[in-house]
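Chain by chain, the residues run as shown.
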Amino acid sequence: MIDFDNVSMIYKSGTEALHGITFHVDPGEFVFITGKSGSGKSTIIKLLMREEKPTSGDIFVNGYDLLSLSRYDLPHYRRRLGVVFQDCRLLMNKTVYQNVEFAMEIVGESNRTIKQVVPRLLHLVDLEGKEKSFPDELAGGEQARVALARAIANAPDILIADEPTGNLDPKTSVEIVDLLYKVNRLGTTVVVVTHDTRIVDRLQQRVIRLQDGEIVSDTEGSIYENEACEY
Ligand code: ADP
C-alpha cells in the first residue's frame, strides 16, 4: 500500500531532510511516525501527498508511482487520501454539517448519498447535536473530530494525521487517537505523525522512529514505555 524505497530528500536550500528511508506499510495497518522536531516527519507527509518529489529513491502508494504521477492522475491519487492537520483547517463560515458535506460535494457525490453519509460520520465521531454549530463555537477536541469526519467522508484508502493531538489536552488527545484507531479497525490504513508519546504508548501499534532524516527503529508496540520523556 505504501512503499518508500531508499528515499532521500534534499531541499533546494541544501538541507537533507531524509536520507535513504525505506519502509513498507500494508493495507489496514496503523503506523505512527515519530521523532523530534526536524527529524523529517513532515517531509514524509509532503512526499506522501505528492506536494514534493524525492531527490532520489522510489515511492509507490496505492498502486501509483509517485515519481511519474501525471497531472491528470494527481487529483485521483489525492482523492484516495484523507488528511487531518493539527490546525484542523475547517471552513469557519460553514457549520459542522456543511464542513463535512462540502468535502463530499467537491468530489461530486449525490445529494442523496451526502444526506445518508454525513449523519453517519457525525455519529461515528460523536458530534450528534453539533451539526449546526460553527467551528468557532466548538472546543478543540470537537474541531478535531469535525476534521476527522471530513477526512474520512469520501472513504479514503489511507488516512494521514499530522500531529492530530498537537493542540489538545491529554484527555481529549486520548479521545482523538481512539477515534483514529476506530477508523483503522473499520478498514482504513492510518498513518499518524506525532511526537506525543502518550498516544503512541496508548495504542501499542507499529512505530517508525526518525532521527536526523533516518529511520532509527521500526517496531511493533510502544518503544516509550519505561523511557524518560525526551521531548
Ligand atoms: P519534522 O516534521 O520532523 O519537524 P521536517 O520534515 O519539517 O521535520 O524537517 C526536516 C528538515 O528539513 C529540517 O532540517 C527542516 O529545517 C528542513 N526543511 C523542512 N522543510 C523545508 C523546506 N521547505 N525548505 C528547506 N528545508 C526544509
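About the cut-offs
- Residues numbered from 1 in each chain as written.
- Predicted model: local features only at pLDDT ≥ 70, side-chain atom pairs only at ≥ 80, totals over all residues.
- Heavy atoms only, no water.
- Buried < 20%, exposed > 50% of the residue type's maximum accessible area, 1.4 Å probe, protein only.
- Helix = DSSP H or I, 4+ residues; strand = E, 2+ residues; numbered from the N terminus.
- Core = buried A, V, L, I, M, F, W, Y, C linked by side-chain atoms within 4.5 Å.
- Contact = heavy atoms within 4.5 Å.
- 1 Å grid on protein atoms, 1.4 Å probe; cavity = no way out; pocket = protein on both sides within 12 Å on 5 of 7 lines; lining within 4 Å.
- Points joined across faces, edges and corners; volume = space filled by probe spheres on them.
- Nonpolar A, V, L, I, M, F, W, Y, C, P; charged D, E, K, R; others polar.

J.: What is the right way to read helix α1 (residues 41–48) from this model?
T.: The α-helix advances 3.6 residues per turn, and as a result positions three or four apart in sequence lie on the same side. The buried fraction of α1 is high, at six of eight residues. Of the residues one or two after α1, Arg 50 is the one with positive phi, at around 60°.

J.: Mind showing me how you'd approach the nonpolar core here?
T.: In summary, soluble globular proteins display a tendency toward joint burial of nonpolar side chains. Of all hydrophobic cores here, the largest spans 40 residues; its most connected members are Phe 32, Val 100, Leu 148, Leu 159 and Leu 180. Among all residues touching Phe 32, those that are not within four sequence positions of it are Val 177, Val 192, Thr 194, Ile 199, Val 200, Leu 203, Gln 205, Arg 206, Val 207 and Ile 208. Counting 30 residues, the second-largest nonpolar core is a separate cluster that includes Leu 47, Met 49, Leu 66 and Ile 208.

J.: Could you clarify how one ought to interpret empty space enclosed by the protein in this entry?
T.: Over the atoms rolls a probe the size of a water molecule, and its path tells where empty space is left. Counted by the stated rule, this structure contains one cavity of 30 Å³ or more. Space inside the largest cavity adds up to approximately 40 Å³. Residue lining of the largest cavity: Val 84, Ala 144, Leu 148, Pro 164, Ile 176 and Leu 180, and that is the complete set.

J.: I would appreciate a short explanation of the layout of surface pockets in the present structure.
T.: What the largest pocket holds in volume is close to 540 Å³. What lines the largest pocket is a set of 19 residues, among which Arg 78, Leu 81, Val 83, Ala 103 and Ile 106 lie closest to the centre. Elements supplying a minimum of two residues to the lining of the largest pocket: α2 (73–79), β6 (81–85), α3 (96–105) and α5 (140–151). Its residues placed into classes, the lining of the largest pocket shows 13 nonpolar, three polar and three charged.

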